[in-house]
Amino acid sequence: MGVAAVAVAVVVSAAACSKSGAGSPSSDAGNTSGGGSPAVSIQGDITFNDANLAKLDAALKSALAGKDLSKLHEAMVVNVAVDYWNAGKTGFNKGLSDLGIKGIYQAPANGRLDQQLSIIQTLRGQGITGLSVSAIDPTAIKSPIASANGAGIPVLAIDSPLPKEDGAALYLGTPNYQAGQKAGEAMKQALGGKGQVVVLVGSLTTSNAVERIQGFEDALKGTDIKVVQKLSDGMDASKALTNAQTAIQTNPNINGLYGVYSYDGPSAGQAVQAAGKSGRVKIISDDSDPQTLKFIQSGVIQATVVQEPYQQGYTGAYLLAAFKVLGKDATLNLVKPYLESDGTTLSSGVGLVTGGNLSDYQAKLKALGIG
């Protein structure tokens, strides 16, 4: 995206780094039908880390200029086939196109570990030269990464970080603890600092989920908000809906739901709406599933923490090319100025969408060819 990314960032998000916390205040209309509570005001933010990633993209493209990229064949393998990853696929294909190289995007239909490992093995047989992966299980992926590295195939962790010993060259994605904190802050505002919350999540062991839930709980410390349940749905949206319905029915004191995976927000919204508790049970979700955005527009969901899967795909394509052609050390030297304080995370940024900034966010997606 290069210069185009800068243009989009300037127009839509004031080109600020995700660390700045910049954003415009937005009023969450909230649905107060059926005796719901008054609307609350939650601060929205869609600045992400666009400006820094645009600079890095430009630096990588410059370093690759004049190099032979004709033999590159990259692969992007995500953790489950859901709408959330459509933006990542779009970004990846755009990055491949801008570089003039081949690549393939793959997603296990049901988010199963055996499917993901089989996909990676098949791609290896097809001669890929680089792999970006959102690993379902950090332990199971260790051997495939070691095998790829041994064959001179660089591996980039996206979306969910991996332990350093797993051997991925870098993590490009959301600082998940920060994302959880942002969700927790939004929940505090939505509930006025008091209530009982249930967490809906696809996995209680995947590193990105663990970090988000920890950030969420830490943000609630010092308040009278208590997380009373954490319910895993095994990456099954129908199970997430059942979990939300059961939680609401069995505990009348629940007034908050936090949906961690992309489909958990819509599941929570459906459950709350069906129970006639829109506006009384507040929902903070993650990701920008189309149904999530519809529920924000109608006030059923108060806010959603959003990521930049587009950038994970786009910048990921550039990084894989650089790792293969320039080498790991040279590539990491270019990346170093843009890393988070942990020295291993290249942040794609964290945002927060509410009713007040929803139209701005949708305009941004449209500009990227997503919306």
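See the structure printed just above.
Here the structure is a predicted model, which means the values were calculated and not measured. (Residues numbered from 1 in each chain as written. Predicted model: local features only at pLDDT ≥ 70, side-chain atom pairs only at ≥ 80, totals over all residues. Heavy atoms only, no water.)

Colleague: What is the right way to read the overall build of the chain from this model?
Modeller: A tally of helices and strands in the chain yields 13 helices and 14 strands. Buried positions account for 55% of the 371 residues belonging to the chain. Summarising the internal contacts of the chain: among those between residues at least 6 apart in sequence, 76% fall at separations of at least 24. On the chain, roughly 14,100 Å² of surface is accessible, and the fraction owed to carbon and sulfur atoms is 50%. (Helix = DSSP H or I, 4+ residues; strand = E, 2+ residues; numbered from the N terminus. Buried < 20%, exposed > 50% of the residue type's maximum accessible area, 1.4 Å probe, protein only. Contact = heavy atoms within 4.5 Å. Areas by Shrake-Rupley, 256 points an atom, 1.4 Å probe, with all protein chains shown as cover.)

Colleague: Got a minute to help me understand unusual backbone geometry in this structure?
Modeller: Across residues other than glycine, the phi torsion is negative in most instances, and most of the peptide bonds are trans. The backbone of D159 shows a phi angle near 70°, a positive value even though the residue is not glycine. On the secondary structure map, D159 appears in the loop between β6 (155-158) and β7 (170-173).

Colleague: Explain the sheet that holds strand β5 (residues 130-133) to me, please; I cannot follow it from the model alone.
Modeller: Whether parallel or antiparallel, the strands of a sheet pair through hydrogen bonds between backbone atoms. Across the sheet, six strands lie side by side as β4-β3-β5-β6-β7-β13; this open sheet has parallel pairing. Among the strands making up the open sheet, the edge pair consists of β4 (102-106) and β13 (345-347). Between one strand axis and the next, the sheet turns through 20° on average, direction left out of account. Both strand β3 (residues 73-77) and β5 contribute to a ladder of four bridges, which runs parallel. Paired with E74 across the bridge in β5 is G130. (Pairing = 2+ DSSP bridges. Axes fitted to C-alpha atoms, helices over the stretch in contact; angles between N-to-C directions.)

Colleague: Just checking my understanding: could you explain the nonpolar core for this structure?
Modeller: The tendency in soluble globular proteins is for nonpolar side chains to be buried as a group. Counting 35 residues, the largest nonpolar core has L170, L319 and L346 as its most contacted members. For this core, the elements supplying multiple residues, two or more each, are α2 (50-64), α3 (86-99), β6, β7 and α11 (309-325). The element contributing the most residues to this core is α11, with nine residues. When residues no more than four places from it in sequence are discounted, the contact partners of L319 are L60, L156, L170, L172, T331, V335 and L346. (Core = buried A, V, L, I, M, F, W, Y, C linked by side-chain atoms within 4.5 Å.)

Colleague: Explain the environment of T344 to me, please; I cannot follow it from the model alone.
Modeller: Its location among the elements puts T344 in the loop between α12 (328-335) and β13. Taking relative accessible area as the criterion, T344 reaches 42% and is therefore assigned partly exposed. For the pair T344 and P161, spaced 183 residues apart in sequence, the C-alpha separation works out to 9.4 Å. Apart from residues lying up to four places away in sequence, T344 is in contact with L170, Y171 and L339.

Colleague: Explain helix α8 (residues 237-250) here, please?
Modeller: For an α-helix, 3.6 residues make a turn, and residues three or four places apart therefore share a direction. Here α8 contains 14 residues, and its C-alpha end-to-end distance of 20 Å stays within 8% of the 20 Å for a straight helix at 1.5 Å per residue. On the buried face of α8, the contacting elements are β8 (194-201), β9 (224-232), β10 (254-259) and α9 (264-274). (Expected span 1.5 Å × (residues − 1).)

Colleague: Could you clarify how one ought to interpret the layout of surface pockets in this entry?
Modeller: Any empty space left between the atoms is revealed when a probe the size of a water molecule rolls over them. Here the largest pocket defines a volume of roughly 540 Å³. Every residue lining the largest pocket is counted, 25 residues in all, and those nearest its centre are Y171, D342, G343, T344 and T345. Residue contributions to the lining of the largest pocket peak at three residues, all from helix α6 (residues 176-191). Partitioned by chemical class, the residues of the lining of the largest pocket number 12 nonpolar, eight polar and five charged. Estimates place the volume of the second largest pocket at around 250 Å³. Around the second largest pocket, the lining is made up of 17 residues, and of these D83, S288, P290, L365 and I370 lie nearest the centre. Secondary structure elements with two or more residues in the lining of the second largest pocket: α3, α10 (290-298), α11 and α13 (358-367). (1 Å grid on protein atoms, 1.4 Å probe; cavity = no way out; pocket = protein on both sides within 12 Å on 5 of 7 lines; lining within 4 Å. Points joined across faces, edges and corners; volume = space filled by probe spheres on them. Nonpolar A, V, L, I, M, F, W, Y, C, P; charged D, E, K, R; others polar.)

Colleague: What is the right way to read the pattern of salt bridges from this model?
Modeller: Pairing is possible between side chains that carry opposite charge, provided their charged atoms lie close to one another. A full pass over the atoms with the stated rule returns nine salt bridges. The salt bridge involving E185 is made with K188; its shortest N-O contact spans 3.3 Å. Here the residue E185 and the residue K188 both occupy positions in helix α6, the gap between them amounting to three residues, near one helical turn. Residue E185 is classed as partly exposed on the basis of its relative accessible area, which comes to 37%. Residue K221 is joined to D218 by a salt bridge in which the shortest nitrogen-to-oxygen separation is 3.2 Å. Overlapping salt bridges bring together D50, E308 and K364 as one network. (Salt bridge = Lys/Arg side-chain N within 4 Å of Asp/Glu carboxyl O.)

Colleague: What's the story with the pairing of β9 in this structure? I'm lost.
Modeller: Strand residues, when the strand is regular, have side chains that alternate between the two faces of the sheet. Summarising the sheet, β8 and β9 pair through eight bridges and their orientation is parallel. Note on β9: the bridge partner recorded for K194 is D224. As a crossover connection, the stretch from β8 through helix α7 (residues 207-220) into β9 is right-handed. (Right-handed = clockwise from strand over helix to strand, strands pointing away.)

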